[in-house]
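The primary structure of each chain is shown beneath.
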Amino acid sequence: MAPQINGSVVKAFEILKLFSEQRPLLSASDVVAELGINAITAHRFLKTLEHVGAVVAEARGVYRLGYLFADLGDRVLRDDALAQVIQPHLNRVTNQINEAAMATVFRGDMVVCVARSVSRRALSVDIRVGSRLEAYCTAHGKLWLAHLPEAERRRYFADVRRIRFTRNTLMEEAVLAKELEAIAARGHAINDCEREDGIRAVAVPVRTRSGRMIAGLSVFGPSPRMEDAVIDASREALLQAAADIGNSLYGANGATASNGA
């Protein structure tokens, strides 16, 4: 049986996806040029989207995105809703690597654990759902800081008092800034006994298809077990989990990212 796809709904979302940071405003002529539909149809779609609050008229015939999507986004990104999607993927990572795994969001200046999966092997640090961790000395935190806009990162460095937890804790702003640049370039972060002696971790981001980081995933464990080969295997397992979570968030048949993120 052929899939029961409503072409009008598909077309409406194609119109909405024409909005971007470079094009915050959209007119019927833009829709005609980009999607090859006639002007009457373009006007009808835009007026319908305005009626439901998806777009707002900025001027005659010119529209911007409405805050309907901010409301919907808040519902989607609720910590408990996100955790429900992430949890089975974390469990699979732990089963594969046989080390603890967790997921975080960024709240204020701290990372917050929203999901975890614990292996049966002994672990000297107990991270629970709701645990708050410093950003500058954890794999998750450095990952989040690497994804912050530059102005927010400067504010973080200005406002947050840094404490030396171990001899490996990165304290100097210049050293941390260089580390964050490297994390952004390679796409993962490592905590090498920077918050607790004897604990190593590797973390990767979960991104929306527009490239926004919405969660971090990590594997962590005692440094004698988390040798470089295990770090590498954990990173690959986490990257696969992040991709699988993306499919779960959008649906396997969801539209692909325009920027490849």
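Here the structure is shown first, and the text comes after it.
On a predicted model such as this, the values are computed, not experimentally measured, just so you know. (Residues numbered from 1 in each chain as written. Predicted model: local features only at pLDDT ≥ 70, side-chain atom pairs only at ≥ 80, totals over all residues. Heavy atoms only, no water.)

Peer 1: When you look at the overall build of the chain in this model, what are you seeing that I'm missing?
Peer 2: Regarding its fold elements, the chain presents nine helices and nine strands. Judged by the C-alpha coordinates and their principal axes, the chain covers about 65 × 50 × 30 Å. Here the chain holds 261 residues, and the buried ones make up 43% of them. Element-wise, carbon and sulfur atoms account for 52% of the exposed surface of the chain, whose accessible area totals about 14300 Å². A gap of 3 Å separates the mean positions of the 33 positive and 30 negative side-chain charges of the chain. (Helix = DSSP H or I, 4+ residues; strand = E, 2+ residues; numbered from the N terminus. Buried < 20%, exposed > 50% of the residue type's maximum accessible area, 1.4 Å probe, protein only. Areas by Shrake-Rupley, 256 points an atom, 1.4 Å probe, with all protein chains shown as cover. Lys, Arg positive; Asp, Glu negative; His and termini not counted. Charge placed at Lys NZ, Arg CZ, Asp CG, Glu CD.)

Peer 1: I'm lost on the side chain of glutamate 99 in this one. Help?
Peer 2: For glutamate 99, the position within the fold is in the loop between helix H5 (79–97) and strand E4 (100–107). A polar contact of 3.2 Å, which involves the side chain of glutamate 99, links it to the side chain of arginine 121. A polar contact is formed between the side chain of glutamate 99 and the side chain of arginine 225, at a distance of 2.6 Å. Apart from the residues lying within four places of it in its own chain, the contact partners of glutamate 99 are Thr94, Ser117, Ser119, Arg121, Val219, Phe220, Gly221, Pro222, Arg225 and Met226. (Polar contact = N/O pair within 3.5 Å; in protein donor to acceptor, adjacent residues only side chain to side chain. Contact = heavy atoms within 4.5 Å.)

Peer 1: Just checking my understanding: could you explain the sheet that holds strand E1 (residues 26–27) for this structure?
Peer 2: Adjacent strands of a sheet pair through backbone hydrogen bonds, lying either parallel or antiparallel. Pairing is antiparallel in the open sheet, where three strands are placed in the order E1-E3-E2. Both outer strands of the open sheet, E1 and strand E2 (55–59), are each paired with one neighbouring strand and no more. For E2 and strand E3 (residues 62–65), the ladder comprises four bridges, and the chain directions are antiparallel. Bridge pairing links valine 55 to leucine 65 in E3. (Pairing = 2+ DSSP bridges.)

Peer 1: What exactly am I supposed to notice about the nonpolar core here?
Peer 2: What tends to happen in soluble globular proteins is that the nonpolar side chains get buried as a cluster. One finds Phe106, Ile127, Leu145, Tyr156 and Phe220 to be the most contacted residues of the largest nonpolar core, which totals 30 residues. Broken down by secondary-structure element, the contributors of at least two residues to this core are E4, strand E5 (110–117), helix H6 (139–146), helix H7 (150–159), helix H8 (173–186), strand E8 (199–207) and strand E9 (213–222). With five residues, the single largest contributor to this core is H6. Those residues in contact with phenylalanine 220 that lie beyond four places of it in its chain are Glu99, Ala100, Ala101, Met102, Leu123, Val125, Ile127, Arg200, Ala201 and Met226. Grouped together as the second largest cluster of nonpolar side chains are 26 residues, Ala83, Val93, Leu217 and Ile245 included. (Core = buried A, V, L, I, M, F, W, Y, C linked by side-chain atoms within 4.5 Å.)

Peer 1: Is there a simple way to explain the pattern of salt bridges in this structure?
Peer 2: Oppositely charged side chains can pair when the atoms bearing their charge come close. Summed over the entire model, instances satisfying the criterion amount to 19 salt bridges. Glutamate 99 serves as the salt-bridge partner of arginine 225, at 2.6 Å between the closest nitrogen and oxygen. On the criterion of sequence distance, the pair formed by arginine 225 in the loop between E9 and helix H9 (228–250) and glutamate 99 in the loop between H5 and E4 is long-range, its members being 126 residues apart. In this structure, a network of salt bridges that share partners links the residues Lys142, Glu179, Arg186 and Glu194. (Salt bridge = Lys/Arg side-chain N within 4 Å of Asp/Glu carboxyl O.)

Peer 1: I'm lost on the sheet that holds strand E6 (residues 132–134) in this one. Help?
Peer 2: Taken in spatial order, the six strands make up an open sheet running E6-E5-E4-E9-E8-E7, and their pairing is antiparallel. The two strands at the open ends of the sheet, each matched to only one other strand, are E6 and strand E7 (189–192). Put simply, the sheet's adjacent strands are angled 30° from each other on average, direction ignored. With five bridges joining them, E4 and E9 adopt antiparallel strand pairing. Within the sheet, the bridge partner assigned to methionine 102 lies in E9 and is serine 218. (Axes fitted to C-alpha atoms, helices over the stretch in contact; angles between N-to-C directions.)

Peer 1: What exactly am I supposed to notice about empty space enclosed by the protein here?
Peer 2: Any space left empty among the atoms is revealed by the rolling of a water-sized probe across them. Applying the stated criterion across every chain yields a total of one cavity of 30 Å³ or more. Every residue lining the largest cavity is counted, 15 residues in all, and those nearest its centre are Met102, Leu133, Asn191, Glu196 and Ala201. Elements with a minimum of two residues in the lining of the largest cavity: H6, E8 and E9. In the lining of the largest cavity, the residues fall into nine nonpolar, four polar and two charged. (1 Å grid on protein atoms, 1.4 Å probe; cavity = no way out; pocket = protein on both sides within 12 Å on 5 of 7 lines; lining within 4 Å. Points joined across faces, edges and corners; volume = space filled by probe spheres on them. Nonpolar A, V, L, I, M, F, W, Y, C, P; charged D, E, K, R; others polar.)

Peer 1: Honestly, a nonpolar patch on the surface in this entry has me stumped. Any pointers?
Peer 2: A surface patch of nonpolar side chains, amounting to about 400 Å² of accessible area, comprises Val9, Phe13, Leu65, Leu68 and Phe69. Those elements that place two or more of their residues in the nonpolar patch are helix H1 (7–16) and helix H4 (68–76). (Patch = residues over 30% accessible without salt bridge, like charges linked within 9 Å, V, L, I, M, F, W, Y side chains within 5 Å.)

Peer 1: Would you explain H6 in this entry?
Peer 2: Along an α-helix, residues three or four apart share an orientation, since each turn contains 3.6 residues. Across the eight residues that make up H6, a large majority, eight, are buried. Listed in full, the buried residues belonging to H6 are Ala139, His140, Gly141, Lys142, Leu143, Trp144, Leu145 and Ala146.

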